[in-house]
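Architecture at a glance
The residues making up each chain are set out below.
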Amino acid sequence: MASPVSITPASSLRLAGAAMGVLLALLPGVGHAQGAALASEGLAACDAPGLAEVLRAPAPGAPEWPARAHALDLQHLQWPGLQAEGALRLVAAWRGGLKAVAGEPVQGVDASLPLRRGEALPEELALKFPHLRAGGVLTLPPGLGLDERWLRAELLLLREDAQGRVLEASRLQLPGALDQLYAEAAERLDYGPLFAPATRASGLRLWAPTAHQVQLCLYPDAESPAARLLPLQWEPASGSWLLSPAEDLRGQYYRFLVDVLVPGQGLLRQRVTDPYAVSLNADSRRSFIADLDDPAWMPPGWLQHRRPAPAAAPTDMSIYELHVRDFSWHDPSQPPALRGRFGAFAQAESLGVQHLGRLARAGMTDVHLLPVFDIASIPERGCVQPAVPEAAPDSEAQQAAVSAQAGRDCYNWGYDPLHYSAPEGSYASDANAGGQRLLEFRQMVMALHGLGLRVGMDVVYNHTPASGQHLHSVLDRVVPGYYQRLDAEGRVERSTCCDNTATEHRMMAKLMSDSVLLWAHKHGIDSFRFDLMGHQPRAVMEALAARLRRQLGHAVPLIGEGWNFGEVANGARFVQASQLSLNGSGIGTFSDRARDALRGGSPGDGSPAGLVRQGWGNGLFSAPNGVAEPATLAALQQAADLVRVGLAGSLRSYRLRDWRGVSRPLSGIAYGDQPAGYASEPAEVVNYAENHDNHTLFDNHVLRLPRDVTHEERVRAQMLVTAVTAYSQGVAYFHAGMEILRSKSLDRNSFDSGDAFNRLDWRLQDNGFGAGLPPAADNAGAWPLYRGLLADPAIKPRPQDIRQARDMFLDQLRVRASSSLFHLRSAAEVQQRLSFPRPPRGVPPTVLMARLDGRGLPGAGFRELLIVFNAGREAARFSWTPARLGWRLHPVLAAADAADTALRRGARADAARGELQVPAWAAAVFVR
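Parameters and conventions
The residue count restarts for each chain, going from 1 along the sequence in the order it is written. It should be noted that, the model being predicted, local features are given only for residues of pLDDT at least 70 and side-chain atom pairs only at 80 or more, the latter also being counted only at that level, while totals for whole chains, interfaces and linings use all residues. Side-chain measures were taken over the full set of non-hydrogen atoms in the model, leaving aside hydrogen atoms and water. Comment: elements are numbered from the N terminus, with helices defined as DSSP H or I runs of at least four residues and strands as E runs of at least two. Every radius of gyration here is taken over C-alpha atoms, with the globule rule written as 2.2 Å times N^0.38, N being the number of residues. With a 1.4 Å probe rolled over the protein chains alone, any residue whose accessible area is under 20% of its type maximum counts as buried; one over 50% counts as exposed, and the rest are partly exposed. Here a residue-residue contact requires only that any non-hydrogen atoms of the pair lie within 4.5 Å. Looking at any residue, its pLDDT shows the predictor's confidence there, from 0 to 100. Here a salt bridge means any side-chain nitrogen of Lys or Arg lying within 4 Å of a carboxyl oxygen belonging to Asp or Glu. A pair of sulfur atoms, both from cysteines and within 2.5 Å, is called a disulfide here. Pairing between strands is defined by DSSP: at least two bridges between the two strands are required. A fitted line through C-alpha atoms represents every axis, and for helices the fit uses only the stretch in contact; the resulting angles, taken between N-to-C directions, go from 0 to 180 degrees. Residues enter a nonpolar core if they are buried and are Ala, Val, Leu, Ile, Met, Phe, Trp, Tyr or Cys, with the set joined through side-chain atoms within 4.5 Å. Aromatic contacts are taken between Phe, Tyr and Trp rings whose centres are within 6.5 Å, Trp giving its six-membered ring; a plane angle under 30 degrees counts as stacked, one over 60 as edge-to-face, and the others as tilted. A positively charged side chain is recorded as over a ring if its NZ (Lys) or CZ (Arg) lies within 6 Å of the ring centre. The angle to the ring normal must also be within 35 degrees. When charges are counted, neither His nor the chain ends are considered; positive counts come from Lys and Arg and negative counts from Asp and Glu. For this analysis, a polar contact is any N or O atom pair within 3.5 Å, provided that within protein one partner can donate a hydrogen and the other can accept it, and provided that sequence-adjacent residues contribute only side-chain to side-chain pairs. To estimate the expected span of a helix, count its residues, drop one, and scale the result by 1.5 Å. Crossing handedness is read from the near helix: turned anticlockwise from the far helix by less than a right angle, it gives a left-handed crossing, and turned clockwise, a right-handed one. Throughout this entry, Asp, Glu, Lys and Arg are counted as charged residues, while Ala, Val, Leu, Ile, Met, Phe, Trp, Tyr, Cys and Pro are counted as nonpolar. The remaining residues, Gly among them, count as polar.

The number of helices and strands found in the protein chain is 24 helices and 43 strands. For the protein chain, whose C-alpha radius of gyration is 30 Å, the value lies close to the compact-globule estimate of 30 Å for 928 residues. The buried share of the protein chain, taken over its 928 residues, is 62%. Across the protein chain, contacts joining residues at least 24 apart in sequence account for 74% of those joining residues at least 6 apart.

Next comes the structure, spelled out in structure tokens:
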């Protein structure tokens with residue numbers, strides 16, 4: 001974290017005598033007198049108390065003009081909406097202090113540059129900045145372009161009248177110029193802690209091209225005052241500051257003092273941690289100097305441990321999404337000191353680890369961890385555990401207790417990255433020991449690898465928790481206005497929920513790329529899930545994928561949320577890494593097509609009508625719930641088509657005969673205002689029906705199923721939906737607990753709802769339903785609907801129901817793992833091998849059939865597979881001529897110990913009669 005302190009020449013402390021004053025005087029943009037003033041702050045600036053809350057407002061009478069103008073490169077500026085009249089110039093104050101008031105001459109100018117109007121932009125700049133309105137193009141005279149001194153000054157574009165009075169002013173958005181001047185050299189360098197080959201010498205590099213000075217505060221440990229203050233050397237080609245490796249600094253802690261002009265604040269000394277920190281002390285106050293190749297930070301056997309082989313293709317992956325704290329907090333078999341921590345994964349005899357082992361043996365291949373980087377919202381020491389009262393299942397008391405402590409408790413999903421490349425301290429046994437979180441994170445990875453599970457990581461490079469002078473702002477303290485994406489006025493965009501980053505800027509893209517490579521290369525992470533990936537450029541994601549392949553020697557699967565919204569929507573600023581823009585890239589996006597058809601409604605619809613709207617998987621048309629608008633047969637058939645879209649991998653080219661009998665590519669089937677089919681290859685689609693966001697599948701079904709369904713029927717409806725995910729082409733993605741009927745007591749957004757609403761019970765006794773009304777912040781509007789449901793004892797599953805669901809899910813994994821037909825690798829193979837037979841007349845409309853041809857396919861295991869899904873509440877029995885070909889139930893599902901006894905006994909293909917029979921709410925897999 002960072003703390004600002006205003007730089008004042010009245011300071012009387014000395015740092016290092018005359019030598020430091022001379023050094024500062026030589027730095028570009030810092031005069032001798034100013035340099036002496038900066039040096040005089042001395043070692044005291046490393047530890048001065050109370051500075052974190054200091055904010056300095058703009059001086060009276062000197063308003064902070066918006067940043068409507070852009071430095072596109074070193075020669076071209078653009079000021080959208082610029083008025084025609086008036087003279088134009090760019091003015092600078094090397095150390096700040098410009099005063100520009102409308103109707104008065106500007107004051108405090110150290111230098112100015114004339115500007116020429118109206119020239120056309122070079123085509124490459126027009127393409128690079130498509131979101132800027134036309135017009136307002138300004139050019140600096142040849143030989144007078146922006147340079148390093150100008151880019152670290154306070155700058156204003158002025159429109160003045162004939163008497164030199166200000167008519168209008170604009171600050172400049174500088175990323176285009178900074179990228180042109182520095183990025184080519186800067187991209188080739190390493191940042192953060194540096195270690196000289198074959199020696200123990202340590203150094204550091206920070207990219208801070210607009211800084212006037214950078215110094216390093218060195219601390220002997222996590223708590224002691226700073227022992228030394230060292231200057232960093234300016235590297236003019238790259239815009240970086242370097243402390244060359246000269247001595248062994250490993251095991252020490254550090255912060256930077258960055259002297260930089262901040263818009264509206266003046267010249268500030270920022271006390272800030274390292275954006276490239278690999279570890280920190282508690283609550284991220286100091287960065288930790290650690291060589292990640294040092295055996296001290298490796299658990300025993302780390303270098304020799306056997307990692308599961310990389311996925312031969314992303315479609316071979318079956319992924320289990322899991323939150324570190326959820327995994328073990330409620331597990332009584334875990335040592336109390338390890339509950340909620342990385343170390344819990346190494347407890348081989350614990351109930352949770354045994355559950356993961358069962359999943360792995362059945363066919364789960366990967367665990368994807370919700371954010372495990374350094375998180376801003378979880379106190380790493382002194383967090384509070386709310387005292388949640390025992391109360392009625394529909395009481396407000398539980399959520400009131402949780403909500404009262406939500407900002408101080410030990411829980412959060414963690415989508416607020418403070419330091420991208422350091423493990424989270426609250427998951428370590430000692431957050432204040434910088435090496436401990438490194439050691440225990442690797443211990444967790446090694447333990448999961450030992451179960452045969454690859455480890456994926458949820459990463460959040462699309463936003464930071466804060467910007468500007470906020471306590472949780474790091475990047476914007478180092479290079480103000482660069483790392484964050486700005487709007488037309490120069491304000492930080494917040495469409496992602498938080499302060500958006502700008503991965504279209506080259507050094508933000510490098511930070512992301514370097515960070516991902518570090519996790520993969522140094523910590524053994526096998527794949528990555530990108531939060532709100534559609535806010536990042538496709539080109540940046542493709543370059544990252546190529547770099548990982550090149551440097552690691554194998555492909556690393558990349559998947560992410562490809563949602564299209566916000567200031568970047570529809571390619572407004574660049575070609576996005578979004579659903580409709582990534583086809584052909586090999587990068588996967590989550591498909592909402594089958595998800596919505598299966599669940600009913602849409603996750604974004606929290607209206608009373610939307611919450612009860614049924615889907616194909618919970619009784620649409622066939623089992624009305626009595627509260628939703630009655631559905632038509634056409635609605636059921638349209639939903640079935642979207643389920644087929646999911647089963648076919650949402651492939652744009654796959655041809656399907658739709659419910660009307662028209663043959664068309666999936667790109668020709670509508671999903672709202674988008675094409676249902678959007679991917680070029682199966683690897684580009686992630687199939688899912690539940691993840692950490694929104695209602696769990698169980699809770700979704702509680703809202704939509706008829707109230708009179710039995711416990712057994714609830715289990716069957718749940719497992720019908722998981723079967724669709726398991727048997728679809730593409731990557732299969734499952735949320736932890738959906739196999740044990742996980743409920744969050746109807747909480748639709750449990751990111752900050754604490755342990756009480758996010759529980760996982762590996763004893764398989766309680767699924768979490770009826771833990772009280774969910775927190776008011778995101779749910780109060782639905783409380784009238786929720787109360788009656790939560791209070792209904794007929795809804796809460798029994799332990800035997802939970803065990804039944806788990807065992808049925810394990811069988812589904814075994815079926816998926818039994819044949820390569822469930823993870824075909826190309827669109828051509830899917831078109832060739834997957835078909836959707838049209839059921840004959842008289843077949844209930846709830847029946848959907850999929851046929852897979854395994855002839856000549858390595859690993860197919862069977863000549864043919866036939867999947868018959870019955871989404872109806874009644875068993876389906878019907879004549880079908882191909883049933884005479886000698887189908888039998890899949891060996892896993894027909895085994896004497898198969899979990900689904902109704903399927904084992906009630907699903908059959910009668911060759912003599914040419915009939916198929918499938919139980920209610922079931923997915924029967926037949927083989928030849």
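Moving on, we come to the environment of Leu824. Note on placement: Leu824 falls in the loop between helix H21 (799-817) and helix H22 (827-833). Among the residues examined, Leu824 registers a relative accessible area of 1% and is labelled buried. Along the backbone, Leu824 and Arg506 are 318 residues apart, and their C-alpha atoms lie at a distance of 36 Å. Not counting residues up to four positions away in its chain, the partners in contact with Leu824 are Thr315, Pro682, Gln729, Glu829, Val830, Arg833, Leu852 and Leu857.

Here the focus is the confidence of the model for the protein chain. Confidence in the prediction of the protein chain, expressed as mean pLDDT, is 93, and 94% of residues score 70 or more. In this model residues 2-40 is a low-confidence stretch, pLDDT under 50, and it forms 84 contacts with partners more than four residues away in sequence or in other chains. Scored below 50 in pLDDT, residues 50-62 makes 24 contacts in the model with residues more than four places away or belonging to other chains.

With that settled, consider the pattern of salt bridges. If charged atoms from side chains of opposite charge come close, those side chains can pair. All chains considered together, the criterion is met by 56 salt bridges. Among the ionic pairs, Arg485 bridges to Glu504, the shortest N-O distance being 2.8 Å. Highlighted residues: Arg485 in the loop between helix H10 (475-478) and strand S26 (499-500) and Glu504 in the loop between S26 and helix H11 (506-523), separated in sequence by 19 residues. Overlapping salt bridges bring together Arg68, Glu85, Arg159, Glu168 and Glu489 as one network.

Let us now look at the state of the cysteines. Covalently bonding the sulfur atom of one cysteine to the sulfur atom of another cysteine gives a disulfide. Tallied over the entire structure, the rule returns two disulfides. The disulfide partner of Cys46 is Cys217, and the S-S distance across this bridge is 2.0 Å. The S-S bond linking Cys46 to Cys217 shows a torsion near -85°; that makes this disulfide left-handed. Of this pair, Cys46 sits in the loop between helix H2 (32-40) and strand S2 (69-71) while Cys217 is found in strand S13 (residues 211-219), placing the two residues 171 residues apart along the sequence. Pair check on accessibility: Cys46 and Cys217 agree, each one buried. In this model, Cys383 is linked to Cys410 through a disulfide, with the two sulfur atoms separated by 2.0 Å. Given an S-S torsion of about 90°, the disulfide between Cys383 and Cys410 has right-handed geometry. Of this pair, Cys383 sits in the loop between strand S22 (373-375) and helix H8 (397-404) while Cys410 sits in the loop between H8 and strand S23 (417-423), and the two are 27 residues apart along the sequence. Within the protein chain, bonded cysteines paired by disulfides and numbered along the sequence follow the pattern 1-2, 3-4.

With that settled, consider the sheet that holds strand S8 (residues 154-160). Ordered in space as S5-S4-S8-S9, the four strands form an open sheet in which the pairing is antiparallel. Each having just a single partner strand, strand S5 (111-114) and strand S9 (166-170) make up the two edges of the open sheet. Looking at each pair of strands side by side, their axes are set apart by 30° on average, direction ignored. As paired elements, strand S4 (residues 87-93) and S8 share seven bridges and run antiparallel to each other. Directly across from Ala92, in S8, lies its bridge partner Leu155.

With that settled, the discussion passes to the nonpolar core. With 229 residues, the main nonpolar core has Phe528, Phe530, Trp616 and Phe926 as its most contacted residues. Ranked by residues supplied to this core, first place goes to H11 with nine residues. Judged by nonpolar contacts, the second largest core, of 15 residues, contains Cys46, Phe288, Leu292 and Leu438.

What follows deals with the sheet that holds strand S38 (residues 864-870). Spatially, the five strands line up as an open sheet ordered S36-S37-S38-S43-S40, and their pairing is antiparallel. One side of each edge strand has no neighbouring strand; the edge strands of this open sheet are strand S36 (834-835) and strand S40 (888-889). Summarising the sheet, S40 and strand S43 (residues 922-927) pair through two bridges and their orientation is antiparallel. Directly across from Leu889, in S43, lies its bridge partner Phe926. Relative to the sheet, helix H15 (residues 633-647) contacts S36, strand S37 (847-853) and S38, its axis offset from that of S37 by approximately 25°.

Here we come to the packing of aromatic side chains. The full count for this structure, using the stated rule, is 26 aromatic pairs. With centroids separated by 4.2 Å and ring planes inclined at 10°, the aromatic side chains of Phe327 and Phe345 adopt a geometry described as stacked. Here Phe327 is found in helix H6 (residues 324-329), whereas its partner Phe345 is found in the loop between H6 and helix H7 (351-362), with 18 residues between them in sequence. For the residue pair Phe327 and Phe345, the accessibility class agrees, reading buried in each case. Taking 5.9 Å as the distance between ring centres and 70° as the angle between the ring planes, the aromatic pair formed by Phe698 and Phe769 counts as edge-to-face. A residue pair is termed long-range when its members are at least 10 positions apart, and Phe698 in helix H16 (residues 697-704) and Phe769 in the loop between helix H18 (754-757) and helix H19 (776-779) qualify at 71 residues. Under the relative-accessibility criterion, Phe698 is labelled buried at 3%. Through a chain of ring-to-ring contacts, the aromatic side chains of Phe342, Tyr427, Phe441 and Trp519 assemble into a single cluster. Positioned above the aromatic ring of Trp94 is the side chain of Arg149, whose terminal nitrogen or guanidinium carbon lies 4.1 Å from the ring centre.

Before going further, it helps to examine the side chain of Arg255. Turning to its location among the elements, Arg255 is positioned in strand S17 (residues 253-262). Although Arg255 lies buried, it forms no salt bridge, and the closest oppositely charged side chain, Asp47, sits 4.1 Å away as judged by the N-O distance. A distance of 3.4 Å separates the side chain of Arg255 from the backbone oxygen of Arg285, its partner in a polar contact. When sequence neighbours within four positions are dropped, the list of residues in contact with Arg255 reads Cys46, Asp47, Gln215, Leu216, Cys217, Tyr219, Arg271, Val272, Thr273, Arg285 and Arg286.

Looking at the element boundaries, Arg437 is found in helix H9 (residues 434-450). On the basis of relative accessible area, Arg437 is assigned to the buried category, the value being 0%. Of note is the side chain of Arg437, whose polar atom sits 2.9 Å from the backbone oxygen of Pro423. With near-sequence residues (within four places) excluded, Arg437 lies in contact with Ser279, Leu280, Asn281, Ala282, Phe342, Asp374, Glu380, Pro423, Glu424, Gly425, Ala428 and Ala431.

This brings us to unusual backbone geometry. The backbone phi angle of Ser284 is positive, close to 60°, even though this residue is not glycine. Inspection of the secondary structure assignment puts Ser284 in the loop between strand S18 (266-272) and strand S19 (287-288). What makes Ser284 buried here is its relative accessible area of 1%. Located in the positive-phi region is Leu532, a residue other than glycine, with phi close to 45°. Tracing the backbone shows Leu532 in the loop between strand S27 (527-530) and helix H12 (538-552).

Turning our attention to H9. With 17 residues, H9 extends 25 Å from end C-alpha to end C-alpha; this agrees with the ideal 24 Å at 1.5 Å per step. Of all the 17 residues making up H9, 13 are buried; the element is thus mostly covered by neighbouring parts of the structure. Gly452 sits one or two positions beyond H9 and adopts a positive phi of about 90°.

On to the packing of H11 against H12, then. When two helices pack together, their arrangement is given by the angle between the helix axes and by the axis-to-axis distance. In the contact formed by H11 and H12, the axes pass within 10 Å of each other and the chain directions differ by 35°. Helix-helix and strand crossings are classified by hand; for H11 and H12 the assignment is right-handed. Residues Ala509, Met512, Ser513, Asp514, Val516, Leu517, Ala520 and His521 of H11 form the contact with H12, whose own contacting residues are Val540, Met541, Leu544, Arg547, Leu548, Gln551 and Leu552. A breakdown of the residues in the contact of H11 with H12 according to their chemical character gives 10 nonpolar, three polar and two charged.

Moving on to the pairing of strand S35 (residues 731-735). For S35, the buried fraction is high: five of the five residues fall into the buried class. With burial as the criterion, each face of S35 is covered, one bearing Val731, Tyr733 and His735 and the other bearing Ala732 and Phe734. Of the pairings in the sheet, the one linking strand S20 (residues 318-322) to S35 comprises four bridges and is parallel in character. Each residue of the ladder has a partner; that of Ser318, found in S35, is Ala732. Taken together, the two bridges between strand S34 (residues 685-687) and S35 define a ladder with parallel strand orientation.

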